[in-house]
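Residue-level structural notes
Next come the chains, spelled out residue by residue.
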Amino acid sequence: MEDTHCGGLRMKAMLSTTYRSNFSEQTTTEAAALDPHGWGFASLILVVGSLFIRPADLLPQLRDVSVYQFLIVTAILFSYRSIGNQLNQHLLGSRPVTACILLLVGVVALSHIGNGFFWGARESAWKVTKLVALYLLVVGVVNTNQRLEIFASWLILAITIMSALALADAMGWMDLTAFSPIEDGAILEGEEEARLTRIRGSGIFEDPNDLGLAIVVGLSLIPYFLLKPDVGWPRYFWLVPGTILIWTLVLTYSRGAFLAFAATIPGWYFYHRGWVFSLVGTLALSPFLLFVFGGRMTEFNSVYDGTGQSRIQIWSESLTAFRNAPFLGIGEGLFSDQFGFVCHNSFLQTYSELGFLGGTLFIGVFATAFAGLISSGTASKQGTDESTDQKRMSDAIRLRGAVFVVLVGYTVGMLSLSRQFLAPTFLVLGLAVAAQQGDGIPVPKEWCVGNKLVIRASTIGVAFLGLCYLAVQILIRGK
């Protein structure tokens, strides 16, 4: 009986794997039909390149040319069928991330309409619509494991080139005005006051924290290529971008980026080994991280006296704003206008600007992205046996794990930075959804669009707001 039962389980796993293999081949065929010549994918590569490496930074003659806007419009024209396919009503039911993101456009407009600010509703809705277009573009054309691998490698290289340019300017090897380091954060060394020189990127990455968070994305993907056994010794070339990224990350002196990078370690262990290895591995590597990223990045006493305490007080203001406008919020983008600074917490700022409905939708986007990656990873591991193409499955699992780590690091970074409606955020979300497409493993039913998803997202939202309130009450000083 036991042998029969085991044999039945093996047969079930084989059939499940065969189905996924056939589904994957079907997905590849459909991808080729939607983008037969690969022009949409090639255009997306150029879009991502222009996002991290702005041509105007290297060629001042292009300063007044909207290269990114031109490229993304071109990519949309080449990929209109792939994008349109994402809006299929039947597909949206099994794509909760996409459904929530589309709903966000309407909620962003409502946050202003509820306050009678119709011009703001139009402007904010248009801004978010452009970000949604980038997300749909990524999900629409990065629809096979092969394309996902190419896209991930290019993402690493684009971030590395941007970091190398910032590093070259900081070291005096090049003179690039857009990458000029900034002096920030007066600190005390003994009895003398000193200024801290922080490296930064350009464009939307001109803040050192933004550059640091982008670097965390690149560093999270490198292990996949570095540990790919079938490549042989050329894989060690990935140590070059890895070294550049770590060097640049240290020079950003960003606490938020450090916390994001530190979170990728337990994220990797959790995805591949579970909670126990996650805890043990993190504790083992903590001394090394504290040694490499010393100084300002690991001075967490600032929570009680310094920039950290300032952010706790800003969180308190954000909670007050949410209590004053709990349903539709104060209006997207108006937090900084009202208080003179950003919230330094993407999720909390979304709740204050968009109210409970918008905040829950936004936090639900990340929750469903995590659920889909974890579910697809678990299903892939259970279906892998000797009769399957182990190399293909192993590569797919490891690549999906790398994307999971990206999402972990980026989400942790957003807890101390306001990056809710920026292109990199929607790029990362698109990457997370694209990683779930290759093997055709569906999102768990409880996370599909429906009543269960609403209850789960609302529960997570209430828990998040409760934790923020407790953190503020415990840590705030001077009030």
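This one's a predicted model, so the numbers in the text were calculated from it and none came from an experiment.

Scoring rules and cut-offs
- Residues numbered from 1 in each chain as written.
- Predicted model: local features only at pLDDT ≥ 70, side-chain atom pairs only at ≥ 80, totals over all residues.
- Heavy atoms only, no water.
- Helix = DSSP H or I, 4+ residues; strand = E, 2+ residues; numbered from the N terminus.
- Buried < 20%, exposed > 50% of the residue type's maximum accessible area, 1.4 Å probe, protein only.
- Contact = heavy atoms within 4.5 Å.
- Areas by Shrake-Rupley, 256 points an atom, 1.4 Å probe, with all protein chains shown as cover.
- Salt bridge = Lys/Arg side-chain N within 4 Å of Asp/Glu carboxyl O.
- Axes fitted to C-alpha atoms, helices over the stretch in contact; angles between N-to-C directions.
- Parallel < 35°, antiparallel > 145°, perpendicular 65-115°, else oblique.
- Left-handed = near helix turned anticlockwise from the far one by under 90°.
- Nonpolar A, V, L, I, M, F, W, Y, C, P; charged D, E, K, R; others polar.
- Disulfide = S-S within 2.5 Å.
- pLDDT = per-residue confidence, 0-100.
- Patch = residues over 30% accessible without salt bridge, like charges linked within 9 Å, V, L, I, M, F, W, Y side chains within 5 Å.
- Phe/Tyr/Trp six-rings, centres within 6.5 Å; stacked < 30°, edge-to-face > 60°.

Our focus in this paragraph is the overall build of the protein. Within the protein one finds 19 helices and two strands. Within the protein, the fraction of its 479 residues that count as buried is 52%. Looking at the protein alone, contacts between residues at least 24 apart form 75% of all its contacts between residues at least 6 apart. Entry remark: accessible area of the protein is about 22,500 Å², with carbon and sulfur atoms responsible for 65%.

With that settled, the discussion passes to the pattern of salt bridges. On inspection of all chains with the given rule, the structure shows four salt bridges. When the shortest N-O distance is used, the salt bridge between E123 and R122 registers 3.3 Å. Using a relative accessible area of 34% as the deciding quantity, one classes E123 as partly exposed.

A few words now on the packing of helix α2 (residues 39-52) against helix α9 (residues 145-170). The interhelical angle for the contact between α2 and α9, taken along N-to-C directions, is 20°, at an axis separation of 9 Å. One element, α2, and the other, α9, form an angle in the roughly parallel class. The handedness of the crossing between α2 and α9 is right-handed. Between α2 and α9, the residues in contact are F41, L44, I45, V48, G49 and F52 and R147, I150, F151, W154, L155, A158, I159 and M162, respectively. The residue makeup of the contact of α2 with α9, split by class, is 12 nonpolar, one polar and one charged.

Evaluated as defined, the whole model comprises zero disulfides. Here C468 is not cross-linked by a disulfide; its sulfur's nearest cysteine counterpart is in C343, at 8.1 Å. On the basis of relative accessible area, C468 is assigned to the buried category, the value being 7%.

Let us look at unusual backbone geometry. Positive phi, close to 55°, is recorded for Y253, a residue that is not glycine. For Y253, the location among the structural elements is in the loop between α11 (239-252) and α12 (255-273). When its relative accessible area of 22% is taken as the criterion, Y253 is described as partly exposed. At H344, a residue that is not glycine, the phi angle is positive and equals roughly 65°. In this fold, H344 is placed in the loop between α15 (335-339) and α16 (346-382).

With that out of the way, let us pick up the confidence of the model for the protein. Interpretation of the predicted coordinates at a detailed level should be avoided for regions scoring low in pLDDT. On average, residues of the protein carry a pLDDT of 81, and 78% of them reach 70 or more. Confidence, read as mean pLDDT per element, is least for helix α1 (residues 2-34) in the protein (44) and greatest for helix α18 (residues 423-434) (95). Overall, residues 384-388 carries pLDDT values under 50, and its contacts beyond four positions in sequence, including any with other chains, amount to 11 contacts.

Turning next to a nonpolar patch on the surface. Residues M171, W173, M174 and W247 make up a contiguous nonpolar surface patch of roughly 440 Å² in combined accessible area. Checked against the element boundaries, M171 lands in the loop between α9 and β1 (182-189).

What follows covers the packing of aromatic side chains. This model, assessed by the stated rule, comprises 21 aromatic pairs. Considering the side-chain rings of F347 and F464, the 6.0 Å spacing of their centres and the 70° angle between planes classify their relative orientation as edge-to-face. Here the residue F347 occupies a position in helix α16, and F464 occupies one in helix α19 (residues 451-475), the gap between them amounting to 117 residues. Members of the aromatic cluster, joined through ring pairs, are F322, F347, Y351, F356, F362, F366, F421, F426 and F464.

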